[in-house]
Amino acid sequence: MARMHTRRRGSSGSDKPSADEPPEWSDVDPEDIEDRVVELAEQGHDPSQIGMKLRDEGVTGTPVPDVKLATGKKITEILEENDARADIPEDLWNLMERAVRLREHVQQNQQDHQNKRALQNTEAKVRRLVKYYRGDEIEPDFTYTPELAKELVEDAD
């Protein structure tokens with residue numbers, strides 16, 4: 001049983017209902033969806049935010065419940081085809097942002113042992129993800145350091 005950083009067991013969740021085609025009420029042209037995905041990416045939205053925006057706002061007023069069903073491609077694949085993909089994958093980026101925030105907090109509150117542990121766990125996750133992505137999604141010589149993460153996060157803001 002793989003327990004990451006806690007004594008608790010994972011809770012099982014429900015699966016997405018299986019569907020092989022988009023619902024009839026969502027008859028948006030796949031090219032319009034792809035254009036909207038690229039447009040939202042250029043505005044600075046992450047792939048998960050793009051999916052939520054398409055689900056909630058849709059394209060020309062019609063919601064898009066599932067981009068992959070409607071277009072046959074994932075949001076990240078659409079971004080890759082249009083050279084709008086981020087340099088660092090979204091999950092790794094979010095963990096690096098969290099590590100930077102935690103490190104700043106721990107430096108100001110040195111007696112906060114709970115957050116010291118949270119920082120150690122977060123940085124361990126970052127290092128595992130870097131190892132996973134190295135060579136494919138990120139450069140083969142990319143190595144995580146707190147200084148590099150802080151620099152990257154500050155440059156993005």
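Residues numbered from 1 in each chain as written. Predicted model: local features only at pLDDT ≥ 70, side-chain atom pairs only at ≥ 80, totals over all residues. Heavy atoms only, no water.

The name an unreviewed UniProt entry gives the protein chain is Small ribosomal subunit protein uS15, with Natrinema longum as the organism. Reading the Sequence similarities (unreviewed entry) entry of the UniProt record for the protein chain gives the comment "Belongs to the universal ribosomal protein uS15 family." Per UniProt, the protein chain has the following entry under Subunit (unreviewed entry): "Part of the 30S ribosomal subunit." (UniProt positions renumbered as here; feature names shortened; annotations may be inferred.)

Caption draft 1: Main features of the packing of helix 1 (residues 30-42) against helix 2 (residues 47-56). Axis separation between helix 1 and helix 2 bottoms out at 10 Å; the angle between their running directions is 130°. If you check the angle between helix 1 and helix 2, you find them oblique. As for how helix 1 packs across helix 2, the hand of that crossing is right-handed. Of helix 2, the residues touching helix 1 (which contributes Ile33, Arg36, Val37, Leu40 and Ala41) are Ile50, Lys53 and Leu54. (Axes fitted to C-alpha atoms, helices over the stretch in contact; angles between N-to-C directions. Helix = DSSP H or I, 4+ residues; strand = E, 2+ residues; numbered from the N terminus. Parallel < 35°, antiparallel > 145°, perpendicular 65-115°, else oblique. Left-handed = near helix turned anticlockwise from the far one by under 90°. Contact = heavy atoms within 4.5 Å.)

Caption draft 2: Broad picture of the environment of Glu42. In this fold, Glu42 is placed in helix 1. Classification of Glu42 as exposed rests on a relative accessible area of 65%. (Buried < 20%, exposed > 50% of the residue type's maximum accessible area, 1.4 Å probe, protein only.)

Caption draft 3: Fine view of unusual backbone geometry. Despite not being glycine, Thr60 has its phi angle at roughly 50°, a positive value. Along the polypeptide, Thr60 turns up in the loop between helix 2 and helix 3 (67-71). Look at Asp83: it is not a glycine, yet its phi comes out positive at around 50°. By the secondary structure assignment, Asp83 is in the loop between helix 4 (75-81) and helix 5 (90-108).

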